[in-house]
Amino acid sequence: MTNHHPHHRQHPLSRRRLLGGAAALGAAAGTTALAGCGSSAAAGDGVELDYWLWDASQLPGYSEAIDLFMEQNQDITVRITQMGWDDYWTKLTASFVAGAGPDVFTDHLGRYPEMLSLGVIVPLDDFAPIAEIPEDRFQPGLQDLWTGQDGKTYGLPKDYDTIAIMYDTTVLEEAGVTPEDLASLDWNPADGGSFEQMLLHLTVDTNGKRGDEDGFDAGSIATYGLGADAGIDYVGQSTWSPFAFSTGWAFTDKDTWGTRFRYDEPELQQTLDWYFGLVDKGILPPFGMFGDSSPAQTQLQSRKASLTLAGSWMIGTYANLEGLSLGIAPLPSGPIGHPVSMFNGLGDSISAQSEHPEEAARLVAFLGSDASQEIIGRRGVVFPATDAGTAAAIAAYEERGLDASPYTDRVENGETGLYPLVENAAQIQSIMQPALDDLWLRKTDASSLTAYNEKVNALFT
């Protein structure tokens, strides 16, 4: 997801149905998440399912949706457990080892190939409630990402991600830049195009000089043109991938389940040399400048950065930043003539250890229904996987005065590149991270990736 969602560390929470109807929501002590109140007495002799997710901001929406599911399925009680990203995968793995995994859980493209190889998730195609879902229910391409090499489905799409630019409208006004100026930028790896010129203008040194003014000091920066989180990984979801994709480059030799990575290709290496070269120009924060406690959104809020690239799952987080008047702009158009965003999406998977797979399938099918997706969409946290859910999310953002079209346009226009769905993701990450760190540290150039690419490809032989 790269992280797909903000990963605030939370305590596990439980969700049960109240007698006589949907559970009320109340603040859970010691956390920012919400938990259900009441008793599990309504379960009676019925089935109890465990559902796990990691995103605290989505917990209220899923609590509401699952309340509706339980009203419609009186024989099933669902408990929700939510925890932070790192804890989530650690505890999920441990639960499978102990034979005590959840029945249904939120899955990620970077993780499910390993789950599949370990045999801890089951294909969904044989369950009637899921098999009955029409292929066009979800945004084009999402189901492909959850289809294994055997042609079977291992996750039902729940939402999708794209990337766009976040900014503070006040900062733009002070710089004499209009939203229309941001919406018409182009980029190329040779000189950065008008996008780099904009980044220079929005970079300010400690003497108040802008990057495009005489006397600018690239070694002493007050406001970087482009923010960055503490780490940049081998996928570069909300960092370098939009630029690489917009050259026509792709991660692997096939859209999904590729076995040959392409970090050795000139388009990618030129892109990375340009991207990390922004450090030398004072545009991008140097490696280690900002830690986990100062992510990109905090840099924007504190005016340490003028622009950030951010995933659609971060819209609510940015919109809630105190003292910031949020604007959203599209990615710059690349050498192929238009912007390109990474396209990613989460899915719901069923554990092979579930003692109630048929009931789990009913829950998964419901979570992929328009009724559930509209509930999630109205929360204005993510773009649900269905058209109806996405429309509800767009309306929710509009009510907050936010135009989210820079995110949705990429999907509508087919201007996306797929998250690399491959085996060996953990090993690839361990191989590539030192290489990317060295690029950011300015110790080497991107031609060094050719040797690393050979190591990655050797994993598939």
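Because the structure is predicted, anything quoted here is derived from the model rather than measured.

Draft legend 1. Inspection of the sheet that holds strand β8 (residues 163-168) at higher detail. Strands sit in the order β9-β10-β11-β8-β12 across an open sheet of 5 strands; the sheet is mixed. Unpaired on one side and paired on the other, β9 (204-205) and β12 (326-329) mark the two borders of the sheet. Pairing geometry for β9 and strand β10 (residues 221-226), over 2 bridges, is antiparallel. Note that in β10 the partner of V204 across the bridge is T223.

Draft legend 2. Summary view of the pairing of strand β11 (residues 305-311). Judged by how many residues are buried, β11 sits mostly within the fold: 7 of 7 residues are covered. Here β8 pairs with β11 via 5 bridges, running antiparallel. When the bridges of β11 are listed, M166 appears paired with T308. Sheet topology note: the β10/β11 ladder contains 2 bridges and is parallel. Within the sheet, the bridge partner assigned to L226 lies in β11 and is L307.

Draft legend 3. Spotlight on the packing of aromatic side chains. The full count for this structure, using the stated rule, is 35 aromatic pairs. Ring centres of F195 and W274 lie 6.5 Å apart, and the angle between their planes is 45°; on these two criteria the pair is classed as tilted. Here F195, found in helix α8 (residues 193-201), pairs with W274, found in helix α10 (residues 266-277); they are 79 residues apart in sequence, far enough to count as distant. The residues F195 and W274 share a single accessibility class, namely buried. Plain terms: the ring middles of F287 and W440 are 5.4 Å apart, the flat faces sit at 90° to each other, and that makes the pair edge-to-face.

Draft legend 4. Highlighting the packing of helix α17 (residues 425-440) against helix α18 (residues 449-458). Where α17 meets α18, the axes come as close as 9 Å, and the angle between the chain directions of the two elements is 175°. On the basis of their axis angle, the class for α17 and α18 is roughly antiparallel. Contacts from I428, I431, M432, A435, D438 and L439 in α17 reach L449, Y452, K455 and V456 in α18.

Draft legend 5. Here's a closer look at helix α1 (residues 59-72). Spanning 14 residues, α1 covers 20 Å between terminal C-alpha atoms, matching the ideal 20 Å at 1.5 Å per step. For α1, the tally of buried residues reaches 10 of 14 residues, placing the bulk of the element in the interior. Residues of α1 that are buried: L59, P60, G61, Y62, S63, A65, I66, D67, F69 and M70.

Draft legend 6. Molecular detail of unusual backbone geometry. With a phi close to 65°, R303 is a non-glycine residue in the positive phi region. Relative to the helices and strands, R303 resides in the loop between α11 (296-301) and β11.

Draft legend 7. Representation of the sheet that holds strand β6 (residues 156-157) within the structure. In spatial order, the strands read β4-β3-β5-β14-β6; together these 5 strands make up an open sheet with mixed pairing. Both edges of this open sheet fall to β4 (76-82) and β6, since each of them pairs with a single strand only. Both strand β3 (residues 47-53) and strand β5 (residues 104-107) contribute to a ladder of 2 bridges, which runs parallel. Among the inter-strand pairings, W52 is bridged to a residue of β5, identified as F105.

Draft legend 8. Seen up close, the nonpolar core. Y51, W240, Y263 and M432 are the most contacted members of the largest nonpolar core, which totals 134 residues. Broken down by element, this core gets its largest block of residues, 8 residues, from α17.

Draft legend 9. Quick peek at the confidence of the model for the protein chain. The share of residues in the protein chain with pLDDT of 70 or more is 90%, and the mean pLDDT across the chain is 90. Scored below 50 in pLDDT, residues 1-44 makes 130 contacts in the model with residues more than four places away or belonging to other chains.

Draft legend 10. Focus on the pattern of salt bridges. Within the structure shown, the criterion is met by 10 salt bridges. R379 is the salt-bridge partner of E64, the closest N and O atoms lying 2.9 Å from each other. Placement of the pair is E64 in helix α1 and R379 in the loop between α14 (370-378) and β15 (383-384), with a sequence separation of 315 residues. A relative accessible area of 32% places E64 in the partly exposed class. On the basis of relative accessibility, which here comes to 36%, the residue R379 falls in the partly exposed class.

Draft legend 11. Representation of the environment of P339 in the model. Within the element layout of this structure, P339 appears in the loop between β12 and β13 (341-343). Spatially, the C-alpha atoms of P339 and K455 are 31 Å apart, while their sequence positions differ by 116 residues. Ignoring any residue separated from it by four or fewer positions in sequence, one finds P339 in contact with L331, P332, S333, G334, R410 and E415.

Draft legend 12. Region of the structure containing the side chain of D159. By the secondary structure assignment, D159 is in strand β7 (residues 159-160). The buried charged residue D159 lacks any salt bridge, with K158 as its nearest oppositely charged partner at 5.9 Å. Of the polar contacts made by the side chain of D159, one reaches the backbone nitrogen of L346; its length is 3.2 Å.

About the thresholds
Residues numbered from 1 in each chain as written. Predicted model: local features only at pLDDT ≥ 70, side-chain atom pairs only at ≥ 80, totals over all residues. Heavy atoms only, no water. Pairing = 2+ DSSP bridges. Helix = DSSP H or I, 4+ residues; strand = E, 2+ residues; numbered from the N terminus. Buried < 20%, exposed > 50% of the residue type's maximum accessible area, 1.4 Å probe, protein only. Phe/Tyr/Trp six-rings, centres within 6.5 Å; stacked < 30°, edge-to-face > 60°. Axes fitted to C-alpha atoms, helices over the stretch in contact; angles between N-to-C directions. Parallel < 35°, antiparallel > 145°, perpendicular 65-115°, else oblique. Contact = heavy atoms within 4.5 Å. Expected span 1.5 Å × (residues − 1). Core = buried A, V, L, I, M, F, W, Y, C linked by side-chain atoms within 4.5 Å. pLDDT = per-residue confidence, 0-100. Salt bridge = Lys/Arg side-chain N within 4 Å of Asp/Glu carboxyl O. Lys, Arg positive; Asp, Glu negative; His and termini not counted. Polar contact = N/O pair within 3.5 Å; in protein donor to acceptor, adjacent residues only side chain to side chain.

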